[in-house]
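The residues making up each chain are set out below.
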Amino acid sequence: MNRSTVWHPFTQHALEPPMKRIVSTDGAYLTDENGKRLLDANSSWWVITHGHRHPEIMKAIRTATDSYDQIIFAEYSHEPAEQLAAGLIEIAPRGLSHVFYSDSGSTSVEVAIKMALGYFHNQGEIRDRIVVMEGSYHGDTVGTMSAGERSVFNAAYERLLFGVDRLPFPTTGDEQDTLDKFEDYCRLGRVAAILVEPLILGAGGMRIYGAAVLAGLKEIAEQHGCLFIADEVMTGWGRTGTQFACDQAKITPDILCTSKGLTGGSLPLAATLCIADVYDAHLSSDRRKTFFHSSSYTANPIACAAAVANLEIWRNEPVLERIARISALHRENLERFQNDQRFVNVRQSGTVAALDLVAPNSGYLADVGPRTRWLFRERGFLIRPLGNVVYLMPPYCVTADELGCAYEAIDEVASIVLGRS
Ligand SMILES: *Cc1c(COP(=O)(O)O)cnc(C)c1O
């Protein structure tokens, strides 16, 4: 019997066995209370980049606690936040010039939306529409749910969500439809911003599209004077093969959101970067033009110190080479599934690989999801399919052998689930 008083996220407790407790983490592994080791093939919900408890990040956290806990971030600043902001501007797409801190991916996107609306409001221009891509996910607050795909996840709140304009997902061959639709919305003159997950829609099912679409959307946004917001909460920090996904389209978004890998996954922190124009639109002797946003734990110094250590790792270790190696391993391993009747849409972008299990009745709520999850767990893998979408998004320290075994497990579990073993 589950005597825990904890209510877990995205968990139907009536159907779930009692939670296993994790007692330690190390590299690509979690160890549970029974001493069972699990390969963390989803990077603990996409946050762990280099591996669990990277020594340099742990050291930076310990050192920071000698000097700091939480410090109010209005009226005062601190060295870790200053250093991190300067470092972020250095590696971010050229032209981003200011960094606003918050504490989760959702809040970084809320901040981005508020920045965009404030930008027009402060200039006395009426622009109140946000354009998003069908199937996208931007977080679980009311604002970001409004921007994200409407589904069973937000049915209970639907009536209070605000309206946004949606573009069809740019499937291969139909990219122009997406661009044309965006242009149609822009012509109406009310679009404040387009908000997209660049290159991969993560929670929407690891749907991948090309950099040319991203560049095309940016160009249209520019022509019509609306802001381009890149939600790089998942795609940042090398997930798609480059530092940021926008790098592949060679674009600078007007606003960029980053969170998950920002501290290497060690502590909660988020940042919303923007171009000077957005900052300047809030700069005034008129106090009404202030950017009115804060959360209590904004720019937590210990989290900022962890992120500074993460920047150092990117500077000093061959992170991009590790990512390229994982990318190549995914490609090799995925080959055997290309003509496999059990799967469709075998795809990959950087360190993310995904394939759709051809299961009857395969929506997100179908039993195939939990069932496969448990089968993977039995085999020592943390792999959580999104409905019938099986994907791997490992930390960058994963070895070729470990990845190979994960693919073996996918092969085996698919046969069991489909009753063909
Ligand atoms: C995870 C995610 C978010 C939300 O981040 P949280 O830290 O969970 O609030 C927003 N956007 C994208 C693209 C994400 O993958």
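All of these numbers come straight from a predicted model, not from anything done at the bench.

1. Thoughts on helix H4 (residues 105-121)
For H4, which comprises 17 residues, the first-to-last C-alpha distance of 24 Å matches the rise-based estimate of 24 Å (1.5 Å per residue) to within 8%. H4 sits mainly inside the fold: 14 of its 17 residues count as buried.

2. Observations regarding the domain arrangement of the protein chain
When its domains are assigned, the protein chain resolves into domain 1 (57-316) and domain 2 (318-417). Just the C-alpha atoms count here: the centres of domain 1 and domain 2 sit 28 Å apart. Together domain 1 and domain 2 conceal approximately 1,500 Å² of surface at their shared face, both sides included; 70% is due to carbon and sulfur atoms. On the surface where domain 1 and domain 2 come into contact, there are six residue pairs in polar contact (both at pLDDT 80 or more). Mapped by element, the contributors of at least two residues to the side of domain 1 that touches domain 2 are strand S9 (207-208) and helix H10 (301-316).

3. Considerations on the environment of Val398
Its location among the elements puts Val398 in the loop between strand S16 (389-392) and helix H13 (400-417). The class for Val398 is buried, based on a relative accessible area of 1%. Each residue touching Val398, except ones within four places of it in the same chain, is listed here: Leu39, Arg325, Ile326 and Leu403.

4. A short note on the UniProt feature "modified residue: N6-(pyridoxal phosphate)lysine" (unreviewed entry) in the protein chain
In the numbering used here, UniProt assigns the feature "modified residue: N6-(pyridoxal phosphate)lysine" (unreviewed entry) to Lys260. Among the structural elements, Lys260 can be located in the loop between strand S11 (255-258) and strand S12 (270-275). A relative accessible area of 21% places Lys260 in the partly exposed class.

5. Regarding the pattern of salt bridges
Counted by the stated rule, this structure contains 18 salt bridges. Among the ionic pairs, Arg342 bridges to Asp340, the shortest N-O distance being 2.6 Å. Per residue, the accessibility class of Arg342 equals that of Asp340, and both read buried. Among the salt bridges present, the one from Arg379 reaches Glu378, with a minimum N-O distance of 3.6 Å. On the accessibility criterion, Arg379 (26% relative accessible area) is partly exposed. A relative accessible area of 56% places Glu378 in the exposed class. The network of salt bridges with shared partners includes Arg336, Asp340, Arg342, Glu408 and Asp411.

6. Considerations on the packing of aromatic side chains
Per the counting criterion, the structure on display carries 11 aromatic pairs. On the basis of an interplanar angle of 85° and a centroid distance of 5.1 Å, the ring pair of Phe100 and Phe291 is categorised as edge-to-face. Here Phe100, found in strand S4 (residues 96-102), pairs with Phe291, found in the loop between helix H9 (276-280) and H10; they are 191 residues apart in sequence, far enough to count as distant. Exposure remark for Phe291: the relative accessible area of 18% places this residue in the buried category. Geometrically, the ring pair formed by Phe337 and Phe343 is edge-to-face, given 5.2 Å between the ring centres and 80° between the ring planes. Within the aromatic cluster, the residues linked to one another by ring pairs are Phe10, Trp45 and Phe153.

7. Section: helix H6 (residues 175-187)
Because an α-helix packs 3.6 residues into every turn, residues spaced three or four apart end up facing the same way. With 13 residues, H6 should reach 18 Å at 1.5 Å per residue; the first-to-last C-alpha distance of 19 Å fits that figure. In this fold, the buried residues of H6 make contact with strand S5 (129-133), strand S6 (165-167), strand S7 (191-196) and helix H7 (211-223). At the C-terminal side of H6, Gly189 shows a positive phi close to 80°.

8. What to know about the site of the ligand
Near the ligand the following residues occur: Trp46, Ser104, Gly105, Ser106, Tyr137, His138, Gly139, Glu197, Asp231, Val233, Met234 and Lys260. A distance of 2.7 Å separates a nitrogen atom of the ligand from a polar side-chain atom of Asp231. One of the side-chain nitrogen or oxygen atoms of Lys260 is found 2.7 Å away from an oxygen atom of the ligand. Burial of the ligand by the surrounding chains reaches 83%, relative to a free accessible area of 380 Å². A breakdown of the residues in the shell around the ligand according to their chemical character gives four nonpolar, five polar and three charged.

9. Digging into a nonpolar patch on the surface
A surface patch of nonpolar side chains, about 390 Å² in accessible area, is lined by Phe10, Trp45, Val152 and Phe153. The residue Trp45 is located in helix H1 (residues 43-46) in this model. Using a relative accessible area of 40% as the deciding quantity, one classes Trp45 as partly exposed.

10. Notes on the sheet that holds S16
The three strands are arranged S13-S14-S16 in an open sheet whose pairing can be described as antiparallel. Only two strands of the sheet have a single partner each, and these edge strands are strand S13 (343-349) and S16. Adjacent strand axes in the sheet meet at a mean angle of 15°, parallel and antiparallel pairs treated alike. Note: strand S14 (residues 352-357) against S16, four bridges, orientation antiparallel. Counterpart to Ala353 in the pairing with S16 is Leu392. Along the sheet, helix H11 (residues 319-334) contacts S13, S14 and S16; its crossing angle with S13, the most-contacted strand, is approximately 165°.

Conventions used here
Within every chain, residues take consecutive numbers counted from 1 along the sequence as written. Reporting of local features is limited, given that this is a predicted model, to residues whose pLDDT is at least 70; pairs of side-chain atoms are given and counted only at 80 or more, and all residues count toward the totals for whole chains, interfaces and linings. Based on all heavy atoms of the structure, the side-chain values leave hydrogens and waters out of the count. The helix and strand labels rest on DSSP assignments: H or I over at least four residues marks a helix, E over at least two residues marks a strand, and numbering proceeds from the N terminus. To estimate the expected span of a helix, subtract one from its residue number and multiply by 1.5 Å. Exposure classes here rest on a 1.4 Å probe applied to the protein chains alone. A residue is buried below 20% of its type maximum, exposed above 50%, and partly exposed in between. For every domain, the bounds stem from an assignment made automatically or drawn from a database. As a working definition, buried area equals the accessible area (1.4 Å probe) given up by two parts on being put together, with both sides summed. The definition of a polar contact used here is a pair of N or O atoms within 3.5 Å, where within protein one atom must be able to donate a hydrogen and the other to accept one, and adjacent residues in sequence count solely through side-chain atom pairs. Only heavy atoms matter for contacts: two residues are in contact if any of them lie within 4.5 Å across the pair. UniProt positions are given in the numbering used here, feature names are shortened, and annotations may be inferred rather than shown by experiment. Here, a salt bridge means any Lys or Arg side-chain nitrogen found within 4 Å of an Asp or Glu carboxyl oxygen. Between 30 and 60 degrees the pair is tilted, below 30 it is stacked and above 60 it is edge-to-face, where a pair is any two Phe, Tyr or Trp rings, Trp via its six-membered ring, whose centres lie within 6.5 Å. One heavy atom suffices: a residue is near a molecule or strand as soon as one of its heavy atoms comes within 4 Å of it. Here the open area of atoms and residues is found with the Shrake-Rupley method and a 1.4 Å probe, where only the protein chains shown may cover a residue. Three categories are distinguished: nonpolar for Ala, Val, Leu, Ile, Met, Phe, Trp, Tyr, Cys and Pro, charged for Asp, Glu, Lys and Arg, and polar for the others, with Gly belonging to the last. Patch members must show over 30% relative accessible area and no salt bridge, and they are joined within 9 Å when carrying like charges or within 5 Å when they are nonpolar side chains of Val, Leu, Ile, Met, Phe, Trp or Tyr. Strand pairing requires that DSSP identify at least two bridges connecting the strands. A fitted line through C-alpha atoms serves as each axis, taken over the contacting stretch for helices, and the angle formed by two N-to-C directions is quoted from 0 to 180°.

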